[in-house]
Amino acid sequence: MITNDIRIFRFDASSCNGCDIEVLAILTLGLPLDELGVKIVDTPQEANTLVITGGVNIKSEPELEEIYELIEPPRRVIAIGSCAATMGIFKGSYSMIGPIDEIVPVDLYIMGCPPRPQVIAGALADALGLDIEGMESLLETPEGFRAEPVVSSIKCIGCAACMHSCPAGAIEIDNTGADRVVKFTHKDCIFCATCEEVCPSEAVELTYKDKSWFEDKEAAISEATVELKKCLLCGLPFVSSRQIDWAMKKIEEKLRIPKEAHDRLLWSSSICTDCRRKGINEVKEAKKTLASIAIRTQ
Amino acid sequence: MGDNSQNQKVIVYEPELCTGCRHCEIVCAFKHYSSVDLNKSYISILFNGDEGTGAFEAVNCQHCEEPICVNACPSGALGKDEGTGWVTVNPLKCIGCQMCVYMCPLSVPFFDEERKAAAKCDFCGGDPECVKHCSPAALRVVTREEALQLNKRLYLGIR
C-alpha cells in the first residue's frame, strides 16, 4: 500500500468531459487533499496513479500506451465512468478502439455516467487506502439524485420491458434453462431511470446506497431470477409465469369474465405464441375463446 | 355497452370463401412496413397442411368489445376508440412488456423488434387494405352485430 504518497496523473482518453467535470468537482467537497498526501501532477513520470476518463479512440490509444509506460511500477490505473469501462454511448463509433482494459490493465472501475464526485472521491480514497472522515455520509445518494438501479427479485415479473426500453443496452435477459435472469449491468448504466419508469411491477429502484466501484466490471450487477412457464403443448419455456399471473390479475380486476371463458383464457395463456398459430384448430379454439367473451357483453 | 357499439364496424373472415391466396398478408405488410415480409403482416392465413383438407383459418384482430390486450396493458399504450371501436396501439407509449402478445388468445399483437413496440391491426384508418384486396370476399367489413352472429355460427356452433 502506498499511503500518503499519491501522485495522480489524469488522462482524458476520449471523454465527453462529463466525467472530467465531476472529477474537478471533488475539489468542492472540501476534502483535505494536501494533508492526505494527494497530489495532482503534470507529467506521467512523476505519477504513480493514472486516472482515466472516456474510452480509447484512434488518437488516444498510442498516447495512453506511452503514458502507461512512463509511469513507474508499482502503478495503479483507475477508470472513471461508463465509457472507460465499456465505451458507453460511443460504442460502435468509427473512431473507437475499445474500453480502457483492452489497452492497459485497470485496477478499479468507478461506475456512472458520470459518477457523482462523492463517489469518485470515495472510490479513490478506498483504492488508495486513505481514511477520510465522514465519507460514509457523503456517499449516500441525496434525495432527487439517481444512482445504479437495483432490481427486486421479489417484485420483478420478468416481462423484459426494462430491457426493451433501456437506451444504453445495460439490461440483459438470459433465458437459458428453466429460469429467466434479468441482469442490470452497472458498467453500461447511464442512470436515466427509464427502467424505473416503465417497470409495471415497480421492481426497479435507482437509489443505490452502497459503494459503486468495482475491481471487476463484470461483477457490477443487480439481478432478479424468475421462473419460466412451459408451454402446455410443446413443453418449451416461453414466458415468465409471474408475468402471466400479473396480467391475469389485472384482467380479472377490470373485466368480469364468465367462468368458462376465464378457464379458456387461462389455458390459452399457457400456450406459447408459436403453438397458438400452429394450425387452424388452435386458431379456431382461440377465436372460440374470444367469441365466448363477446357473447357475455350482449 | 352502449347502443353505439352494435353499429361499429369490424372485419370478419369466412373460411369457406377463402382461397388461400394470401393477398391480404402481402397488402397489409406493404401498407404498414413497405415490405413484403409476411412475418410483419397484421393478418395471417393458416393452412391445414398435414391433414390436407384444404381448410383455411385467419389470425386477424377481432377488435373485441372488451379487449383482453387493452385490459392487460400496463402503460396505456393499447386503447379502444370509443367511437369507432378500433383497438390500436400507440408505439410511443408501448414499453415492450409483451403482456398483450401473451394474453391475447390469438396472439394478434406481436413485438416489433425494430420499432421496439407492439404492433397490431389498426383498421387502416377505416378502409382496411386486406378487405379491399380480398377477391373472394372472405374478408368483409360488417357491423359488430352481424359479426357476432357469424362468429357464433362459425366458432360456437349457435345458429
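In what follows, the structure referred to is the one given above.
So, here's what we can say about the structure. Here the structure is a predicted model, which is why all the values come from computation and not from measurement. (Residues numbered from 1 in each chain as written. Chains lettered and ligands numbered in written order. Predicted model: local features only at pLDDT ≥ 70, side-chain atom pairs only at ≥ 80, totals over all residues.)

**Overview of the overall build of chain A**
Counting its regular elements, chain A contains twelve helices and 14 strands. Seen through its principal axes, chain A has C-alpha atoms that stretch 80 × 40 × 30 Å. Pairs at least 24 residues apart make up 77% of the contacts formed inside chain A by residues separated by at least 6 positions. (Helix = DSSP H or I, 4+ residues; strand = E, 2+ residues; numbered from the N terminus. Contact = placed C-beta atoms within 7 Å.)

**A closer look at the sheet that holds strand E13 (residues 221–230) of chain A**
Residue and element names in this part refer to chain A. Pairing within the open sheet is antiparallel, and its four strands lie in the order E9-E10-E13-E14. The sheet is open, and its two borders are formed by strand E9 (171–174) and strand E14 (237–240), each paired with just one other strand. In this sheet, adjacent strand axes meet at a mean angle of 30 degrees when their direction is disregarded. As defined by bridge partners, E13 adjoins E14 across three bridges and the pair is classed as antiparallel. Bridge pairing links lysine 229 to valine 239 in E14. (Pairing = 2+ DSSP bridges. Axes fitted to C-alpha atoms, helices over the stretch in contact; angles between N-to-C directions.)

**Some points on the pairing of strand E3 (residues 49–53) of chain A**
Residue and element names in this part refer to chain A. Of all five residues making up E3, five are buried, and the element is well covered by its neighbours. The sheet contact formed by strand E1 (residues 6–12) and E3 spans five bridges and is parallel. Counterpart to phenylalanine 11 in the pairing with E3 is isoleucine 52. (Buried ≥ 20, exposed ≤ 12 C-beta atoms within 10 Å, placed from the backbone.)

**Quick look at the interface of chain A and chain B**
Listed per partner, the contact involves 35 residues of chain A and 32 residues of chain B. Elements supplying a minimum of two residues to the side of chain A that touches chain B: helix H7 (161–165), helix H9 (241–254), helix H10 (259–268), helix H11 (273–276) and helix H12 (280–296) of chain A. It is H12(A) that provides the largest number of residues to the side of chain A that touches chain B, a total of twelve residues. Per-class residue counts for the side of chain A that touches chain B are 18 nonpolar, ten polar and seven charged. (Nonpolar A, V, L, I, M, F, W, Y, C, P; charged D, E, K, R; others polar.)

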